[in-house]
Amino acid sequence: MLHRSLVGGEWVDGDRRPNVNPARPDEVVSEYAEAGPDTARAAAEAAGAAQPGWARTPVAERMAVLDRIGTTILGRAEELAVLLAREEGKLLAEARGEVVRAGQTFRYYAHQLLQPQGEVYASTRDNVHAEVRRRPLGVVAVITPWNYPIAIPAWKVAPALAYGNAVVLKPAELVPASAGELAGIIAGSGLPPGVFNLVLGAGRTAGEALLTAPGVDGVSFTGGTGTGAHVARQCLAHGNKRFQLEMGGKNPLVVLDDADLEVAVRCALDGSFFSTGQRCTASSRLIVQDGIHDRFVAALADAARALTVGDPLDPRSQIGPVVSPQQLAQNLGYVAAGTAEGATVAAGGTSDGQFMRPTLLTGAHNGMRVAREEIFGPVSCVIRVGDLDEAIAVAADTRYGLSAGIVTTSLAAAERFKRDARAGIVTVNLPTAGTELHLPFGGTGDSNHGPREQGGYARDFYSVPVTCYTGW
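Just so we're clear, the structure is a prediction, and the values are computed from it rather than from any experiment.

Visitor: So what exactly am I meant to see when it comes to the sheet that holds strand β5 (residues 24–34) here?
Guide: In any sheet, the strands associate via hydrogen bonds between backbone groups, in a parallel or an antiparallel arrangement. Ordered by their spatial adjacency, 3 strands build an open sheet running β1-β5-β4, and the pairing between neighbours is mixed. Only two strands of the sheet have a single partner each, and these edge strands are β1 (2–3) and β4 (15–21). Together, β4 and β5 form the strand contacts of helix α3 (residues 77–88), whose direction differs from that of β5 by roughly 105 degrees.

Here is the structure:
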């Protein structure tokens, strides 16, 4: 299987690169044709040429295209899920859920087009009509990560197309097959050539070309905080492009003394280790009150040790492989750094091939690297606190602010945490990971810049308000 870039309705070849299965590194899932800067710039030009016509396409036609894309994804859900699991290492059940989410996202934005698209206001002047209309942003470069290779492109591309934009998708190099199959579905939906384009290339070359291309009006990026800062600088320096950044997280899960222990362990196990910890909303800091600390740590360590780590296509597996050797080395490096700083490994800390045991570090504090830096693997650290005040202060002591959770049976504590937590997503008696497509997604601090993603909130990035006055 070969996946190629899509530019102006034509599939473009390039240098062939292998795409390997992280669970079985000697197995080639597919090949992809690597694109360079010239292909990226050509894609931006094709999008610029096609966008005005797409913006003028009647709403009913745009709705039909988006609905066809979503319906086709759902009809091919099992095939796409198996490919995703083999390419990225996600458990097959999780991969199915991701593919279904992508299909539902396209269908959701098809119907969003029937929602009010502007506002009418009373003018302060006689014989003047005042209204706010929305126009498309224009050409949008969409740069996506490897951990949700179908869902994240879907939740960016679908609203971009819905609101009349043309798109250039540049996925992470580790997941070209998922993006390639999605592009094939979009290209076969009846969308005019050039409205959607795919560039399969490296961030430092093809991605950089999109950041500097004069025809790109906006960039929607999901990835690391350092790369996000670079995206922002380049957008400002090259045409003052609009940019939307979804970046890292160091998410706290607070467990109070009055928590239901079973619920607390379930939330921590899911948030910390499921999806191999490769989620920006993962619970990487477990902030636990004194009275429940020892029981919680013992129960969570037992639960972590009991998880089955194995091939994502094996229904017995509960944790899949780490996505790449480089990511595994980074994960193990953080475990070594944590123990060197005084933390204790209560569970895990080892690997077999690209499979890493879920790792729990105890005796941590916010001065340690493992408590301050995003690891992006199945590693979580426990921080002991005395009361709710200290827990909230420790939770807030981070440069990130994506997701934060609390496990408690106290309504007062839950309401206070929802009020005081410095995060864009707050959960009570639920894992910190897990979002819904019709609700806003994003955070504060180094986790986010720009308008929220998903739901009706996506309109704020992909369209521009225009204030119109009419006199008579």
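Back to the text.
Visitor: Would you mind showing me how to read the packing of α3 against helix α6 (residues 176–187) here?
Guide: Axis angle and axis distance: for two packed helices, these are the angle between their axes and the distance between the axes, and together they describe the pair. Closest axis-to-axis distance for the α3/α6 pair is 8 Å, and the angle between their directions is 155 degrees. The angle between α3 and α6 falls in the class roughly antiparallel. Across the interface between the two elements, Glu 79, Leu 80, Leu 83, Leu 84 and Glu 87 of α3 pack against Pro 176, Ala 177, Ser 178, Glu 181 and Ile 185 of α6. By residue class, the composition of the contact of α3 with α6 is 6 nonpolar, 1 polar and 3 charged.

Visitor: I would appreciate a short explanation of the pattern of salt bridges in the present structure.
Guide: Opposite charge on two side chains makes pairing possible when the charged atoms of those side chains draw close. Per the counting criterion, the structure on display carries 28 salt bridges. Across the pair Asp 311 and Arg 24 runs a salt bridge, and its minimum N-O distance is 2.9 Å. Residue Asp 311 is located in the loop between α10 (290–306) and α11 (325–340), and its partner Arg 24 is located in strand β5; the two are separated by 287 residues in the primary sequence. A salt bridge links Asp 420 to Arg 416; the nearest nitrogen and oxygen atoms lie 3.2 Å apart. Here Arg 416 and Asp 420 lie together in helix α14 (residues 411–420), a separation of 4 residues that amounts to about one turn. Look at Asp 420 and you get partly exposed, because its relative accessible area is 26%. Taken together, the shared-partner salt bridges connect Arg 24, Glu 27, Arg 86 and Asp 311 into one network.

Visitor: Just to check I follow, could you spell out the packing of aromatic side chains for this structure?
Guide: Remark: the centre distance and the inter-plane angle together describe each pair of aromatic rings, the angle taken between the planes. As enumerated under the stated definition, the model contains 4 aromatic pairs in all. Seen from their ring centres, Tyr 108 and Tyr 109 are 5.0 Å apart, and the 85 degrees between their planes marks the pair as edge-to-face. Taking the centre distance of 5.4 Å and the plane angle of 85 degrees together, the rings of Trp 146 and Phe 376 count as edge-to-face. Here the residue Trp 146 occupies a position in the loop between β8 (139–143) and α5 (151–162), and Phe 376 occupies one in the loop between α12 (369–372) and β19 (379–385), the gap between them amounting to 230 residues. Of the two residues, Trp 146 and Phe 376, neither departs from the other in class, the shared state being buried.

Rules behind the numbers
Residues numbered from 1 in each chain as written. Predicted model: local features only at pLDDT ≥ 70, side-chain atom pairs only at ≥ 80, totals over all residues. Heavy atoms only, no water. Pairing = 2+ DSSP bridges. Helix = DSSP H or I, 4+ residues; strand = E, 2+ residues; numbered from the N terminus. Contact = heavy atoms within 4.5 Å. Axes fitted to C-alpha atoms, helices over the stretch in contact; angles between N-to-C directions. Parallel < 35°, antiparallel > 145°, perpendicular 65-115°, else oblique. Nonpolar A, V, L, I, M, F, W, Y, C, P; charged D, E, K, R; others polar. Salt bridge = Lys/Arg side-chain N within 4 Å of Asp/Glu carboxyl O. Buried < 20%, exposed > 50% of the residue type's maximum accessible area, 1.4 Å probe, protein only. Phe/Tyr/Trp six-rings, centres within 6.5 Å; stacked < 30°, edge-to-face > 60°.

Such coordinate-based values are descriptive only and should not be taken to indicate function.
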